[in-house]
Amino acid sequence: MMILHRVYISPDKVIVNGKALELTEKGSALLTQIYRSHIGNYPKFFKMDTLCKLGFVASELLLNAEGNRNFEPREDRAVILFNRSASLQADTNYQSTIQDSENFFPSPAAFVYTLPNIVTGEIAIRNKYFGETSFIVIEENDEKLIEQNLSVAFQDTDTKSIIGGWLDCTDEENFEANIFLMEK
Amino acid sequence: MDELIYKLKQEIIEALNLEDMTPEDIDENASLFGEGLGLDSIDALELIVLMEKNYGIKLQDPNQGKEIFKSVKVMAEFIQQNRTK
C-alpha cells in the first residue's frame, strides 16, 4: 500500500503534503475559513456537524492535491475513517434539543448527524464514490490497527484506492484529522 | 403580513443554517423545495418543528406540508390563520 497524499488538520494548523497552509482562524472558524478560501459553492457545508465539516474540508484538500477532479461516478475508491469519539459532539447537540420536557423539540437536522458514518457518506455523495464506506470507532489513533483494517479493505478486488485515516472531534474547538489517499 | 414574512425568512435561515443567505435573498413566492431554495426532506422536518416551536402549530397530517411549504408566503398565511402563540 502506498500513501499518495496526506492532510492534517488540528484547531490551529492545516498541513497538506507536509506544507502548512496560511490561515488565520482557529477552531471551528478555521474549518469555515478553509471552506471559504479553498472550496466554496457547497452550501450544504453549513448544515453539517463539526465532524462532517472536518471530514469534508480535509477530503476536499486531499482531492484537490490529487488534482484532475471530474466528479464522475466511480466504484474503485473507498472511504474508511477511524476515530475515538464517534459522533459525541452531534449526540450532545441533539441531547440539548430534548433535555427540557417543557421545551422538547427534537431537531431532525441535529439528529441526522448522530451517526459518525454520516461523514463517510457526505464525502462519497459529494464525489460520487460507490465503493465501500465505513467508519470504525477505536480506542486510540493506532496507525498499525488502521493499516491492518485498510489492507483488509483492499482484499476487495474492486477497491483500488482509499481515502482513509483518523478523524476525531470531541467538540467544536477540539478536533483532529489525519487522513490520506492510499493506493493498493 | 409583510412583517411576519420577513420574520419567517429570518427563522428559516437560522433553523436551516442557510449561512450565506439574507431575508432579501429569499423570494417569498419561490418554491421552498426543488428549484427554489433547494431544501431537502430533513429541512422539511425542521420546518415542521419550527412551526410547532415558534407558533404552536402541530401538523396532524404530514401531507399538509406539501401545500404549506409551497413558498414562504403560503407558509406565512397558514401560520397567521392557525397560530396559537
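Residues numbered from 1 in each chain as written. Chains lettered and ligands numbered in written order. Predicted model: local features only at pLDDT ≥ 70, side-chain atom pairs only at ≥ 80, totals over all residues. Heavy atoms only, no water.

With respect to the overall build of chain A
A tally of helices and strands in chain A yields six helices and seven strands. Overall, chain A shows an N-to-C arrangement of helices and strands of β-β-β-α-α-β-α-α-α-β-α-β-β. Its C-alpha radius of gyration of 16 Å places chain A within 12% of the 16 Å reference for a compact globule of 184 residues. Structurally, chain A occupies a C-alpha span of about 55 × 35 × 30 Å along its principal axes. For chain A, the proportion of its 184 residues judged to be buried stands at 47%. Sequence-distant contacts, at least 24 apart, represent 65% of the contacts inside chain A between residues at least 6 apart. With an accessible surface of roughly 9200 Å², chain A has 48% of that area assigned to carbon and sulfur atoms. Looking at chain A, you have 17 positive and 27 negative side-chain charges, and the mean spots of the two groups are 7 Å apart. (Helix = DSSP H or I, 4+ residues; strand = E, 2+ residues; numbered from the N terminus. Rg over C-alpha atoms; globule rule 2.2 N^0.38 Å. Buried < 20%, exposed > 50% of the residue type's maximum accessible area, 1.4 Å probe, protein only. Contact = heavy atoms within 4.5 Å. Areas by Shrake-Rupley, 256 points an atom, 1.4 Å probe, with all protein chains shown as cover. Lys, Arg positive; Asp, Glu negative; His and termini not counted. Charge placed at Lys NZ, Arg CZ, Asp CG, Glu CD.)

Section: the pattern of salt bridges
Residues and elements named next belong to chain A. Under the criterion given, the structure shown has eleven salt bridges over all chains. One salt bridge connects Arg126 with Glu60, and the closest N-O pair in it is separated by 3.0 Å. With Arg126 in helix H5 (residues 118-127) and Glu60 in helix H2 (residues 50-66), this pair connects stretches of sequence that are 66 residues apart. Like Arg126, the residue Glu60 is buried in the burial classification. Two residues, Glu66 and Arg77, come together in a salt bridge whose shortest N-O distance is 2.8 Å. Taken together, the residues span a long stretch of sequence, with Glu66 in helix H2 and Arg77 in strand S4 (residues 77-83) at a distance of eleven residues. On the basis of relative accessibility, which here comes to 29%, the residue Glu66 falls in the partly exposed class. (Salt bridge = Lys/Arg side-chain N within 4 Å of Asp/Glu carboxyl O.)

Remarks on the packing of aromatic side chains
All names here are of chain A. Summed over all chains, the structure comprises seven aromatic pairs over all chains. An angle of 80° between the planes, with centres 5.3 Å apart, marks the rings of Tyr35 and Phe46 as edge-to-face. Of this pair, Tyr35 sits in helix H1 (residues 28-39) while Phe46 sits in the loop between H1 and H2, and the two are eleven residues apart along the sequence. Here Tyr35 falls in the buried class, since its relative accessible area comes to 4%. Look at Phe46 and you get buried, because its relative accessible area is 5%. Relative to Phe46, the ring of Phe45 lies with its centre 5.3 Å away and its plane at 80°, an arrangement referred to as edge-to-face. The class for Phe45 is buried, based on a relative accessible area of 0%. Three or more aromatic residues joined by ring pairs make a cluster, and in this case those are Tyr35, Tyr42, Phe45, Phe46 and Phe56. Sitting over the ring of Phe45, Lys53 keeps its end group 5.2 Å from the ring centre. (Phe/Tyr/Trp six-rings, centres within 6.5 Å; stacked < 30°, edge-to-face > 60°. Lys NZ or Arg CZ within 6 Å of the ring centre and 35° of its normal.)

Let's talk about the sheet that holds strand S2 (residues 13-16) of chain A
Residues and elements named next belong to chain A. Spatially, S3-S2-S1-S7-S6-S4-S5 is the arrangement adopted by the seven strands of the open sheet, whose pairing is mixed. At either end of the open sheet lies a strand with only one pairing partner, and these are strand S3 (19-20) and strand S5 (133-137). Note: strand S1 (residues 2-10) against S2, four bridges, orientation antiparallel. The partner of Ile9 across the bridge, within S2, is Val14. (Pairing = 2+ DSSP bridges.)

Looking at the nonpolar core
Counting 39 residues, the largest nonpolar core has Ile9(A), Ile34(A), Val57(A) and Leu167(A) as the members making the most contacts within it. Put simply, the parts of the chain that give this core at least two residues each are S1, S2, H1, H2, S4, H5, strand S6 (161-171) and strand S7 (174-183) of chain A. If you tally residues by element for this core, the top one is H2(A), at nine residues. Among residues more than four places away in sequence, those in contact with Ile34(A) are Ile9(A), Val14(A), Leu23(A), Ile39(A), Val57(A) and Leu61(A). Ile12(B), Tyr55(B), Val72(B) and Ile79(B) belong to the second largest nonpolar core, which has 23 residues in total. (Core = buried A, V, L, I, M, F, W, Y, C linked by side-chain atoms within 4.5 Å.)

Some thoughts on H2(A)
Residue pairs three or four apart in sequence face the same way in an α-helix, which turns once every 3.6 residues. Residues and elements named next belong to chain A. The terminal C-alpha atoms of H2 lie 24 Å apart, and with 17 residues this matches the ideal 24 Å at 1.5 Å per residue to within 8%. H2 sits mainly inside the fold: 14 of its 17 residues count as buried. Downstream of H2 by one or two residues, Gly67 has phi in the positive range, about 80°. (Expected span 1.5 Å × (residues − 1).)

Without other data, these values stay purely geometric and don't point to any function.
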